[in-house]
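Next come the chains, spelled out residue by residue.
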Amino acid sequence: MKLSLPALALVLAAGLPLAACAQQSNAAENGPSPEVRAQMQQARDSAKTAALNDLSSADRAKVQAIIDQINNGQLTDIRAAAQQIDAILTPAEAKAVLGERDKMMQTMRAN
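For clarity, every value in this text was computed on a predicted model and none was experimentally measured.

Caption draft 1: Just the nonpolar core, in detail. In this structure, Leu55, Val63, Ile66 and Leu75 are the most contacted members of the largest nonpolar core, which totals 15 residues. For this core, the elements supplying multiple residues, two or more each, are α3 (34–53), α4 (57–71), α5 (78–88) and α6 (91–110). Those residues in contact with Leu75 that lie beyond four places of it in its chain are Ile66, Gln69, Ile70, Ala80, Ala81 and Gln84.

This is the structure:
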């Protein structure tokens, strides 16, 4: 089963599974500097906000509820979360979320 890019982009922009990566990066001597990590976090935060703002208010509430379930440990399967989000997003919303992901990735590459 393959995750769709829009749902995965939204879940990743929310910073959910990346927290562990950031901790590992902090421990690595060759990891990014604190300034670069802060810029990457800002890019992720901006992408999350923009992606959620691209959704209708009803869809935003549904997606936020899924993100909240992940954050509080009620939903631990990221694949299932992405599938739930896929079922919510309209094609236009999916396209907008992917655009926000692309902007985030460009910002991170620039850093």
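Caption draft 2: Fine view of the environment of Gln41. In this fold, Gln41 is placed in helix α3. Note: C-alpha distance between Gln41 and Met104 (63 residues apart in sequence) is 10.0 Å.

Caption draft 3: Local environment of the packing of α3 against α4. Direction vectors running N to C along α3 and α4 enclose 135°, while the axes themselves pass 9 Å from each other. Here α4 runs oblique to α3, going by the angle between their axes. Contact with α3, carried on its side by Lys48, Leu52 and Asn53, involves Arg60, Val63 and Gln64 of α4 and no other residues of that element. Here the contact of α3 with α4 is composed, by residue class, of two nonpolar, two polar and two charged.

Caption draft 4: Layout of α3. Given a rise of 1.5 Å per residue, 20 residues ought to cover 28 Å, and the 28 Å separating the end C-alpha atoms of α3 matches this to within 8%. Three or more residues of α3 are buried, namely Ala43, Arg44, Ala47, Ala51 and Leu52. Seen end-on, α3 carries its buried residues on one side only, within an arc spanning 155°. Projecting away from the buried face of α3 at angles above 90 degrees are the exposed residues Pro34 and Glu35.

Definitions and limits used
Residues numbered from 1 in each chain as written. Predicted model: local features only at pLDDT ≥ 70, side-chain atom pairs only at ≥ 80, totals over all residues. Heavy atoms only, no water. Core = buried A, V, L, I, M, F, W, Y, C linked by side-chain atoms within 4.5 Å. Buried < 20%, exposed > 50% of the residue type's maximum accessible area, 1.4 Å probe, protein only. Helix = DSSP H or I, 4+ residues; strand = E, 2+ residues; numbered from the N terminus. Contact = heavy atoms within 4.5 Å. Axes fitted to C-alpha atoms, helices over the stretch in contact; angles between N-to-C directions. Parallel < 35°, antiparallel > 145°, perpendicular 65-115°, else oblique. Nonpolar A, V, L, I, M, F, W, Y, C, P; charged D, E, K, R; others polar. Expected span 1.5 Å × (residues − 1). Arc of directions from axis to C-beta.

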